[in-house]
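Spelled out, the chains give:
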Amino acid sequence: MSPAPLLGEFEQIVLLAILRLDDDAYGVTIRDEIAGCTDRDPSPGALYTTLDRMEDKGLVTSRYGQATPQRGGRAKRYFRVTAKGEAAVASAQRSYQQLLKGLKLRGLSHA
Amino acid sequence: MRSTRVAEWMLSQLTTSERAEAVIGDLLEKVPARGALWFWWSVVTTAAALVWRDVAANPLRTFGLGLTGFVVVLVLFVLLVFVATAALVLGLIVFSSISDAQRVVGVTHLVTGGWSWVVLTVVFWCVLAGVQFQVGRWLARRSPGHELAPCVAFTVVGLTCSLVLVLVFPQSTRDPIRDAASAVLLVVLDLPLYAGAVKVRKKRLVSG
C-alpha cells in the first residue's frame with residue numbers, strides 16, 4: 001500500500017470540516033464550519049482551489065445537488081472525503097500527536 | 001442580482017462551467033448577509049486564485065510562453081511602426097511632387113479635417129489588436145486546460161518591462177496618477193489577447 005499523501009495545514013482543516021459536516025458539506029457550510037471551529041475566515045478563492053486540488057489528488061469526491069432559488073437556480077457542489085483522504089488526515093494527525101508527546105505547551109491542556 | 005451571469009462567465013473561463021456555477025451559487029447564498037460589494041470582491045479574488053493555480057501548475061513553461069508572446073507582439077509592433085512610417089515618408093515624397101495649389105488643398109484638409117489621422121490611428125490599433133488576438137490564440141493552443149495562464153504571464157511581463165523602463169530612465173517629475181493610468185492602459189490593451197485565448201478555450205470545450 002502506498003504511503004498516505006502529505007497534507008498542508010489548510011488541506012487538513014478542510015478535510016476535517018468536510019468529515020464533521022458529513023452529507024451537508026458544500027462551499028458555504030465548509031467555510032462556516034472552518035470559521036466556527038478555528039476563528040479563521042478562509043477566502044473563497046483559497047477554499048475552492050484547495051477543494052479542486054484535493055479532488056485531483058483523489059482525497060475528496062464531489063457531486064452536484066439540486067438547484068435552489070436562494071442560489072439563483074444554481075446547484076450545490078457537495079464534497080465527501082475518500083478513504084485515501086481519511087487515511088491522509090489520520091496520518092497527519094498521528095504525526096502531530098507524536099510530535100506533541102512529552103511537550104507542555106502553554107494554552108494547550110494535556111490528557 | 002442580474003449581473004451574476006457576468007461573474008459566472010468570468011469564472012467559467014478559469015474552471016469548468018459546473019464548478020463556476022456552484023461557486024457563484026455559494027457566493028449568492030451569502031449576499032443577503034454580506035452585500036454585493038463582498039460578492040464582487042469574492043469573485044475577483046476567486047478568479048485571481050484560479051489564475052494563480054494555473055500559473056503555479058507550471059510556472060517556467062507559462063512564463064516562457066508569456067515572454068515568447070510578448071517578444072512576438074513587440075517585434076510585430078516595431079514592424080508596424082516601421083511600415084506606417086515608411087508609408088508616411090512615401091506619402092510625403094509623392095506629396096512633394098504635386099503642385100503648390102494641390103498641396104495647399106491637401107494640407108488644409110489634413111490639418112482642419114484631421115480625419116486622416118484618426119483613421120490612421122484607428123487602423124494602427126486595429127491591426128495591433130488583430131496581432132494580439134492571434135498571439136492570444138497561439139498561446140492558448142499551447143496551454144490546453146490553462147488557456148488564460150500564459151496571457152496573464154504576458155501581461156505580467158509587459159508590466160515588468162514598463163517598470164524596468166521607469167527605473168532605468170527615471171524622470172525628474174514623476175506623476176503617480178499618470179503612471180497608474182499607464183499601467184491600467186497596458187492591461188486594457190491586452191484585452192484582444194485574452195479574447196483570442198477565450199475563443200480557443202470555448203472551441204476546445206465545445207469539441208469535448
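The present account deals with the structure reproduced in this document. Quantities reported herein were computed from a predicted structural model and do not represent experimental measurements.

## Things to note about the overall build of chain A
When helices and strands are tallied, chain A shows 4 helices and 2 strands. For chain A, the N- to C-terminal ordering of α and β elements is α-α-α-β-β-α. Over its C-alpha atoms, taken along the principal directions, chain A stretches across nearly 55 × 35 × 20 Å. The buried share among the 111 residues of chain A stands at 41%. Long-range pairs, those at least 24 residues apart, make up 53% of the contacts in chain A between residues at least 6 apart in sequence. On chain A, the mean spot of the 16 positive side-chain charges and the mean spot of the 13 negative ones are 4 Å from each other.

## Things to note about the packing of aromatic side chains
Residue and element names in this part refer to chain B. Tallied over the full model, the rule gives 5 aromatic pairs over all chains. Both rings, one in F70 and one in F154, keep their centres 5.6 Å apart while their planes meet at 70 degrees; by these two values the pair is edge-to-face. On the criterion of sequence distance, the pair formed by F70 in helix α4 (residues 59-96) and F154 in helix α7 (residues 149-168) is long-range, its members being 84 residues apart. By relative accessible area, which is 17% here, F70 ends up buried. According to the relative accessible area criterion, F154 is buried, its value standing at 2%. Seen from their ring centres, F124 and W125 are 5.4 Å apart, and the 85 degrees between their planes marks the pair as edge-to-face.

## Concerning the interface of chain B and chain A
Note: interface size is frequently given as the accessible area lost on complex formation between the parts. Of the residues lining the interface, 24 residues belong to chain B; the matching set on chain A comes to 22 residues. For the chain B and chain A pair, buried surface summed over both sides reaches about 1,800 Å², with 50% attributable to carbon and sulfur atoms. On the chain B side of the interface with chain A, the three residues burying the most area are R19, D26 and E29 of chain B, jointly 33% of the side's total. Taken together, the connections running from chain B to chain A amount to 8 salt bridges. For D32 of chain A, the salt bridge is made with K30 of chain B, and the minimal N-O distance between the two is 3.0 Å. Taken together, chain B and chain A are joined by 16 residue pairs in polar contact (both at pLDDT 80 or more).

Here is what the cut-offs are and how they apply
- Residues numbered from 1 in each chain as written.
- Chains lettered and ligands numbered in written order.
- Predicted model: local features only at pLDDT ≥ 70, side-chain atom pairs only at ≥ 80, totals over all residues.
- Heavy atoms only, no water.
- Helix = DSSP H or I, 4+ residues; strand = E, 2+ residues; numbered from the N terminus.
- Buried < 20%, exposed > 50% of the residue type's maximum accessible area, 1.4 Å probe, protein only.
- Contact = heavy atoms within 4.5 Å.
- Lys, Arg positive; Asp, Glu negative; His and termini not counted.
- Charge placed at Lys NZ, Arg CZ, Asp CG, Glu CD.
- Phe/Tyr/Trp six-rings, centres within 6.5 Å; stacked < 30°, edge-to-face > 60°.
- Buried area = accessible area lost by both parts, 1.4 Å probe.
- Salt bridge = Lys/Arg side-chain N within 4 Å of Asp/Glu carboxyl O.
- Polar contact = N/O pair within 3.5 Å; in protein donor to acceptor, adjacent residues only side chain to side chain.

Worth remembering: the numbers are spatial, not functional.
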